[in-house]
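Close look at the chain arrangement
Each chain is listed here by its residues.
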Amino acid sequence: MSPWQTRQLDSALAAWRAGRLGHAQLLCGPEALGKRDVAEALAARLLCEADPSLSTCGSCRSCQLRLAGTHPDFRFITLEENEKPPHKLRTEIVIEQIRMLGQVMQMTSQRGGAQVVVIDPADLLNNAAANALLKTLEEPANNRFLLLVSAAPQRLSATIRSRCQRMEFALPEREEALTWLLAKGHESKQATHALEAAQGHPGLADRWLAEGRLVLRDEVLRDLAALSRGTAAPLDVAQAWVADSALTALRLRFAADAALGVARSVAGAALPSGLTPPRDVDKLGLWFEQMNRLRAQLAAPLKHELALAGLLGEWRSMQATTETRR
Ligand SMILES: [Zn+2]
């Protein structure tokens, strides 16, 4: 486990040992920081039959059942496949899943220990499911724990949030993030570059390094630079970015982050490579938001090229005059 995960787990376990761990926990914070792993490790210790002062033993009957995926007092709820063919993954957690959880939580513990339910991603509970979950949250019982995991906790209803203790995951210090990346076997220069691209997010940096995504980022920066110079047409770039649909969202993210990078250069940060200083920082901020909004809408079956071409067309006007304009 990474140091930031260990800190969260240790502090939850300290609260548990002191009898202060609330029955509902909300593990929240940026994606890819290992929240689910922490929820599972916490669940493991809550279920384990070893002395509470010790770590999860891995060998007691509870641990064996959990490792085999058959612990009667543990449930992991996530997105499931639709029952009807072609069995596509649902986009939300539905009420039947929460009803089943209600049944489990109303029975007494079958092993006589804790009962634990993990829900991830909790923000994808649909309305009916969230309402059903509230009933469970309103009837706390001794030694019953609900661990909600979410990278977008603002999407959860205020009522649900107010019933939970928060375990807030934050980006670690740069030094710690870098040390962790190096320990994962990444080369120092690459790791530094990736961490910069991911704005200090070690989980994303690791993923991008593993998947070779920094090349894609360089391409996006090159395209943006070409748009600034007027040597690329917005519609052509938009079509190219949208054509490769599996990578469109990541391209838009890199583009939005480039806008942020350009805006920050006003305060002395280094400009992303090949880009020119901003002319209008407020406009860049708006552009950043619009680009992210478009990214959020990508899942909808719409034609995105024109909206994207419109945004890319604005890019040039937001940067300082280039040679071609002088
Ligand atoms: Zn055990």
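Residues numbered from 1 in each chain as written. Predicted model: local features only at pLDDT ≥ 70, side-chain atom pairs only at ≥ 80, totals over all residues. Heavy atoms only, no water.

1. What to know about the packing of helix 4 (residues 95–106) against helix 5 (residues 127–138)
- Packing of helix 4 against helix 5 leaves a shortest axis separation of 8 Å and a crossing angle of 10°. It follows from the interaxial angle that helix 4 and helix 5 lie roughly parallel. Contacts between helix 4 and helix 5 involve Ile 95, Ile 98, Leu 101, Gly 102 and Met 105 from the former and Ala 128, Ala 129, Ala 132, Leu 133 and Thr 136 from the latter.
- Looking at side-chain class alone, the contact of helix 4 with helix 5 contains 8 nonpolar, 2 polar and no charged residues. (Axes fitted to C-alpha atoms, helices over the stretch in contact; angles between N-to-C directions. Helix = DSSP H or I, 4+ residues; strand = E, 2+ residues; numbered from the N terminus. Parallel < 35°, antiparallel > 145°, perpendicular 65-115°, else oblique. Contact = heavy atoms within 4.5 Å. Nonpolar A, V, L, I, M, F, W, Y, C, P; charged D, E, K, R; others polar.)

2. Notes on the coordination of the zinc ion
- Every protein donor of the zinc ion is accounted for by Cys 48 (SG), Cys 57 (SG), Cys 60 (SG) and Cys 63 (SG), and the metal-donor separations fall at 2.3 Å.
- For the zinc ion, the 4 donor atoms are set out with angles of 104 to 118° between them, so the coordination reads as tetrahedral.
- Taking the relative accessible area as the measure of exposure, Cys 60 reaches 14% and is therefore buried. (Donors = N, O, S within 2.8 Å, 3.2 Å for Na, K, Ca; no water. Tetrahedral: all angles 85-135°; square planar, octahedral: opposite > 155°, others 65-115°. Buried < 20%, exposed > 50% of the residue type's maximum accessible area, 1.4 Å probe, protein only.)

3. Brief notes about the pairing of strand 4 (residues 144–150)
- In terms of burial, strand 4 is largely enclosed, as 7 of its 7 residues are buried.
- Where burial is concerned, the two faces of strand 4 agree: the one with Arg 144, Leu 146, Leu 148 and Ser 150 and the one with Phe 145, Leu 147 and Val 149 are both buried.
- The pairing of strand 1 (residues 24–28) with strand 4 spans 5 bridges and is classified as parallel. Counted as the bridge partner of Cys 28 is Ser 150 from strand 4. (Pairing = 2+ DSSP bridges.)

4. Structural notes on the pattern of salt bridges
- According to the stated counting rule, one finds 13 salt bridges in the structure shown.
- The partner of Asp 123 in a salt bridge is Arg 155, with the nearest N and O atoms 3.6 Å apart. Here Arg 155 lies in the loop between strand 4 and helix 6 (158–162) and Asp 123 lies in the loop between strand 3 (115–119) and helix 5, a separation of 32 residues in the sequence.
- According to the relative accessible area criterion, Asp 123 is buried, its value standing at 12%.
- The partner of Arg 163 in a salt bridge is Glu 138, with the nearest N and O atoms 3.1 Å apart. Of this pair, Arg 163 sits in the loop between helix 6 and strand 5 (165–168) while Glu 138 sits in helix 5, and the two are 25 residues apart along the sequence.
- The class for Arg 163 is partly exposed, based on a relative accessible area of 32%. (Salt bridge = Lys/Arg side-chain N within 4 Å of Asp/Glu carboxyl O.)

5. Section: the domain arrangement of the protein chain
- As assigned here, the protein chain comprises domain 1 (3–168) and domain 2 (213–325).
- With centres defined by C-alpha atoms, the gap from domain 1 to domain 2 works out at 39 Å. (Domains from an automatic or database assignment.)

6. So, the sheet that holds strand 5
- One open sheet accounts for 5 strands, arranged 2-3-4-1-5; its pairing is parallel. On the outer flanks of this sheet lie strand 2 (74–77) and strand 5, each paired with one strand and no other. Sheet twist, expressed as the mean angle between neighbouring strand axes with direction ignored, is 15°.

7. Topic: helix 8 (residues 188–197)
- For helix 8, the full list of buried residues reads Ala 191, Ala 194, Leu 195 and Ala 197. One side of helix 8 holds all its buried residues, which, seen down the axis, span an arc of 160°. Seen from the buried face of helix 8, the exposed residues on the opposite side, beyond 90 degrees, are Lys 189 and Glu 196.
- Packing partners of the buried residues in helix 8 comprise helix 7 (174–183), helix 9 (202–211), helix 10 (214–229) and helix 12 (245–264). (Arc of directions from axis to C-beta.)

8. Comments concerning the pairing of strand 2
- Alignment of strand 2 against strand 3, held across 4 bridges, turns out to be parallel. Bridging across to strand 3, Ile 77 finds its partner in Ile 119.
- On the question of chirality, the crossover connecting strand 2 to the parallel strand 3 by way of helix 4 is right-handed. (Right-handed = clockwise from strand over helix to strand, strands pointing away.)

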